[in-house]
Amino acid sequence: MIVAENLKKTYNRVTAIEDVSFEVAEGEILGFLGPNGAGKTTTMRILTGYSPPTSGRATVAGYDVMESSLQVRQNIGYLPENTPLYPEMEVINFLGFVSEIKGISPGDRARRIQEAMEETGITDVAQRTIGKLSKGYRQRVGLAQALLGDPKVLILDEPTVGLDPNQIREIRELIKNMLGKRTVILSTHILPEVSMICDRVLIIHEGRIVAADAVGELSRRMAKSREIRLTVKAPADEVQSALKEMQGILKAECLNLSGSDGLCQVSLATDPNQDLRPALASRLVGRGWDLYEIRSMDPTLEDIFIEIVAGEKKEVEA
Amino acid sequence: MKNVWAVYKRELRAYFFSPLAYVLYVFFLIVCAVFFNMYFSAYIQWSQEYMMMMSMQQGFGARPLPNYTELVLQGITQVMAFVLLFVIPMLSMRLFAEEKKMGTIELLFTYPIRDIEVLAGKFLAALTVFAGMLLFTFVYTLLSYRVVPDQTYVPPVLASYLGVFLMGTAFLSFGVFASSLTENQIVAGLVTFATLLVLWMIGFVSEIRPGLLGDICKEISVFAHFDQFGKGVIDTGHLAYYVLFTLFFLFFSLRVLESNRWRG
C-alpha cells in the first residue's frame, strides 16, 4: 500500500532524513518511533505530498507522491503534528468544508460527517467553535477530518502529544477502534503507544531507520538476556553467594540492601533460553529464606530503543 | 471549480468571523462619507451661487458652471484610492500568513486540491470583501443623484468605480503575493503598504525630473493610470496596466506557493 525507496530530504544542506526505505502492506499498522527531530514528520510530509523528497521516491496506493499528488491525497487521511485547525470555525462547518474539498457528493455529506463525528465522539460539540474546545476534543476533530472521505491510508503524526493522561488513554482507544481495515502509519516518541497499537515498528534515529520489525519480534531479538527480579528476606551477601553457584545466571545485582525489614531485592540477568524461576524459588526456599516476590521482566520497547540508539553511538565512535 | 467555491466560502466566513472586516468597513465608509459630504456640499454651494448669478443676469466675474465629475467624483475617487492604500494591506495580509502561522496550510495542501484553486478561492474572497466596501459607497452616489438627477454623470461615475475597483484588485494581488512570502501577518501587511506607497510616490519623479526617467516612473506608478478613469475615460492602456499587474502578482503568488513545498 505504501512504498518508500531511499527517501532523502535536505533543508538548506542539513540532512533531515537519508536512505529511508520501507513498505507497508495493506491493513498493516506501522509505528514510527523516534525521538523528537529524528525525521518522523519529514517522512510523513513526503508521503502526504506536502513536501517532496530531495531524492528517492514513494508511492501510496500505487500512485507516486510526486507525479500523482492529487490521487495520493485523495487516498490519504492526514493528521499533522499539533493538529492545526481553523479556530474560528464551528466543528460542523469545518467538517463540511473538508468533505466538500475531499469531493464527497452533497447528498452524502451530512451522513458522512455524522458518521465521522460519531466515530470520534464529537457529536455533542458539533455546534461549538473549534478554538474553544479542549485539546482532547480538538484532537478528535483532527481525527474526524482525517477519516472523512474514507481514505485507504491514515497518517497520524504524534496523535497523543500534549494531552493529559486521561485524554491520551481516550485517544489511543479511539485510534485502536477506528483503524478497522485501514493501512496506518502512526508516529510517536512514546514507546508503550507503539506496543499498544501497532503491528510493526520502525525505529528512526537521526534521519535513518535503525530497526524495523514486528513489535514482539523486536523485543525477542534485542534481548541478550532475561531479567528476573526477586525479593527475599535474607542478608544480601549470603543471597549473592547462593545465587552465584547457580548455572545460567550471568549477573546478580542487589538493588537495595537489607533495610530494617531485612528484605533484599535482587536483579538477575539470566540466560534468555531458559526460565530459571522454579529453580530459583526452590533453592532460596530450601535455604530457609522467605521468598516474597519473583518475576520475569520483559524487555520494554524503551530498553530496546535505548540499546539501539546507544549501539549506534558506539559504532559511530568506533 | 467546486474546490474554489469551498475555499471561497470558508475564507469569506473567516473575514466576517473576526472583527477585521467590520473595522475596515466602518473605517472606509466613514472616511469616504466625510469627504463625499465635503465635496458634495462644496458642489451644491457653488451651484447655488451660479444660479443666483444667472438669475441676476450678471455674468461679470461669475465662476463657471460647476462640474460634478471634476468636483465630486474625482475628489472622492482619489480619497478612496488613498484610503485603499491602508485598507487593502490589512485585508490581504492574513490570507496565507495566518494559515502558515497556524499550520493549517499543511492541512489545506494535503487535501486533494490544486494550489491554483486555493489561490483563486482566497483571492476572490478578499476581492468580494473589497467589492462590498465599494458597493456601500455607491449609496452616496445614488443619494447625490437624487439631489442632482443629471444622467450625463452616469458614465463617469461608472468609469470611476471601475477604476477604483481595478486599482484595488491590483493592490490586492500584491497583498496576496506578500502574504504568501511570510508567516508573519504584520510583515506581510507592512511590505504591501510600503511597496504600494513607493509605487505611488514614484509617479512624482516625473514632476521633478521630466524626460525619459520621469516617463518610465510615471508608467510604473499605480496612481498615474488611475486619473483617466476619474474623468470618465476608459483607456485600454490603463485598463491593461491594472489587469496585467494583477495577473503578474497572482502568477508569482502561485509560484511562491509551489516553491514553499520544495523548500519544505
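Here the structure is a predicted model, which is why all the values come from computation and not from measurement. (Residues numbered from 1 in each chain as written. Chains lettered and ligands numbered in written order. Predicted model: local features only at pLDDT ≥ 70, side-chain atom pairs only at ≥ 80, totals over all residues.)

A look at the overall build of chain A
Along its length, chain A carries 11 helices and 14 strands. Once the C-alpha set of chain A is aligned to its principal axes, its extents read approximately 80 × 50 × 30 Å. Relative to its full complement of 318 residues, chain A shows a buried share of 37%. Counting contacts in chain A only where the partners sit at least 6 residues apart, residues at least 24 apart contribute 67% of the total. (Helix = DSSP H or I, 4+ residues; strand = E, 2+ residues; numbered from the N terminus. Buried ≥ 20, exposed ≤ 12 C-beta atoms within 10 Å, placed from the backbone. Contact = placed C-beta atoms within 7 Å.)

As for the overall build of chain B
Secondary structure summary: chain B contains 12 helices and 0 strands in total. With respect to the principal axes defined by its C-alpha atoms, chain B has extents near 80 × 45 × 30 Å. Among the 264 residues that make up chain B, the fraction classed as buried is 37%. At a minimum sequence separation of 6, the contacts of chain B that also span at least 24 residues come to 79%.

Focus: the pairing of strand β9 (residues 200-205) of chain A
The side chains of a regular strand alternate, first on one face of the sheet and then on the other. All names here are of chain A. As paired strands, strand β3 (residues 29-33) and β9 are joined by 4 bridges and run parallel to one another. Looking across to β9, one finds that phenylalanine 32 is bridged to leucine 202. Bridge count between β9 and strand β10 (residues 208-214): 6 bridges; the pairing is antiparallel. Residue valine 201 lies in a different strand from β10, and its bridge partner there is aspartate 213. Hairpin connection between β9 and β10: a loop of 2 residues separates the two successive antiparallel strands, and glutamate 206 in this loop has a positive phi of roughly 50°. (Pairing = 2+ DSSP bridges.)

Examining the interface of chain A and chain B
With 22 residues of chain A at the interface, the matching set in chain B holds 19 residues. Elements supplying a minimum of two residues to the side of chain A that touches chain B: α2 (69-74), β6 (76-79) and α3 (91-101) of chain A.

Brief notes about the packing of helix α2 (residues 20-55) of chain B against helix α6 (residues 115-147) of chain B
When two helices pack together, you describe them by how their axes are tilted relative to each other and by the distance separating the axes. Residues and elements named next belong to chain B. Axis separation between α2 and α6 bottoms out at 10 Å; the angle between their running directions is 25°. Viewed along their axes, α2 and α6 adopt a mutual orientation that is roughly parallel. Judged by the sense of rotation from one axis to the other, the crossing of α2 with α6 is right-handed. Contacts between α2 and α6 pair Ala21, Tyr25, Phe28, Leu29, Cys32, Ala33, Phe36 and Phe40 from the former with Val129, Met133, Phe136, Thr137, Tyr140 and Ser144 from the latter. Split into classes, the residues belonging to the contact of α2 with α6 amount to 12 nonpolar, 2 polar and no charged. (Axes fitted to C-alpha atoms, helices over the stretch in contact; angles between N-to-C directions. Parallel < 35°, antiparallel > 145°, perpendicular 65-115°, else oblique. Left-handed = near helix turned anticlockwise from the far one by under 90°. Nonpolar A, V, L, I, M, F, W, Y, C, P; charged D, E, K, R; others polar.)

Quick look at the domain arrangement of chain A
Here chain A is partitioned into domain 1 (2-221) and domain 2 (224-297). Computed over C-alpha atoms, the centres of domain 1 of chain A and domain 2 of chain A are 45 Å apart. (Domains from an automatic or database assignment.)

Quick look at the nonpolar core
Phe94, Ala144, Ile155 and Ile185 of chain A together with Ala126, Met167 and Leu172 of chain B are the most contacted members of the largest nonpolar core, which totals 127 residues. Here this core takes 12 residues from helix α7 (residues 154-181) of chain B, the largest share from any one element. When near neighbours in sequence (up to four residues on either side) are disregarded, leucine 172 of chain B contacts Ile88, Leu91, Ser92, Phe123, Ala126, Leu127 and Phe130 of chain B. Grouped together as the second largest cluster of nonpolar side chains are 11 residues, Ala234, Cys264, Val266 and Leu284 of chain A included. (Core = buried A, V, L, I, M, F, W, Y, C linked by C-beta atoms within 7 Å.)

Some words on unusual backbone geometry
Residues and elements named next belong to chain A. The phi torsion at threonine 83 lies on the positive side, around 45°, for a residue other than glycine. Tracing the backbone through its elements, the reader meets threonine 83 in the loop between β6 and α3. Residue class for threonine 83 comes out buried when judged on the 25 C-beta atoms lying within 10 Å of it. A positive phi is found at aspartate 150, a non-glycine position, where the angle reads about 45°. A residue is classified by how many C-beta atoms lie within 10 Å of it, and aspartate 150, with 14 of them, is partly exposed.

Concerning the sheet that holds strand β1 (residues 2-11) of chain A
Residue and element names in this part refer to chain A. Pairing is antiparallel across the open sheet formed by 4 strands, whose spatial order is β2-β1-β4-β5. Each of the sheet's edge strands pairs with one partner strand only, and the pair in question is β2 (14-24) and β5 (63-64). Summarising the sheet, strand β4 (residues 55-60) and β5 pair through 2 bridges and their orientation is antiparallel. Along β5, the bridge assignment pairs valine 60 with tyrosine 63. Sheet strands in contact with helix α1 (residues 40-47) are β1, β2 and β4, and its direction is about 120° off that of β1.

Topic: helix α3 (residues 68-92) of chain B
When the terminal C-alpha atoms of α3 of chain B are compared, their 33 Å separation across 25 residues agrees well with the 36 Å that a helix rising 1.5 Å per residue should span. In the structure, α3 of chain B departs most strongly from a straight axis at leucine 84 of chain B, where the bend amounts to approximately 40°. (Expected span 1.5 Å × (residues − 1). Bend = angle between axes of the 7 residues up to and from the residue.)

Quick look at the sheet that holds β10 of chain A
All names here are of chain A. The strand order across the open sheet built from 6 strands is β6-β7-β8-β3-β9-β10, with neighbouring strands paired in mixed fashion. In this open sheet, the two strands that pair with only one neighbour each are β6 and β10. Across the sheet, the mean angle separating the axes of adjacent strands is 15° when strand polarity is ignored. Each of β3, β7 (153-157), β8 (183-188) and β9 touches α1; the most contacted strand, β7, lies at about 150° to it.

With respect to the confidence of the model for chain B
Confidence in the prediction for chain B averages 88 pLDDT; 96% of positions are at 70 or higher. On the interface metric, ipTM, the complex scores 0.86, and its pTM is 0.84. (pLDDT = per-residue confidence, 0-100.)

Details of the environment of phenylalanine 40 of chain B
Residue and element names in this part refer to chain B. In this structure, phenylalanine 40 sits in helix α2. We classify phenylalanine 40 as buried; it has 21 C-beta atoms within 10 Å. Measuring from C-alpha to C-alpha, the distance between phenylalanine 40 and leucine 71 comes to 7.8 Å, with 31 residues separating the pair along the chain. Ignoring sequence-local partners within four residues, the contact set of phenylalanine 40 consists of Val72 and Ser144.

Quick look at the pairing of β8 of chain A
All names here are of chain A. β8 sits mainly inside the fold: 6 of its 6 residues count as buried. Along β8, one buried face is formed by Thr183, Ile185 and Ser187 and the opposite face, lined by Val184, Leu186 and Thr188, is buried too. Pairing analysis gives 5 bridges linking β7 to β8, with the strands arranged parallel. Residue pairing across strands places leucine 154 opposite valine 184, the latter belonging to β8. As for the winding sense of the linkage, the β-α-β connection from β7 through helix α6 (residues 165-179) to β8 is right-handed. (Right-handed = clockwise from strand over helix to strand, strands pointing away.)

Focus: the environment of glutamate 5 of chain A
All names here are of chain A. Within the secondary structure layout, glutamate 5 lies in strand β1. Classification of glutamate 5 as partly exposed rests on a count of 15 C-beta atoms within 10 Å. It is 8.8 Å that separates the C-alpha atoms of glutamate 5 and threonine 59, two residues lying 54 residues apart in sequence. Ignoring any residue separated from it by four or fewer positions in sequence, one finds glutamate 5 in contact with Ser21, Gly56, Arg57 and Ala58.

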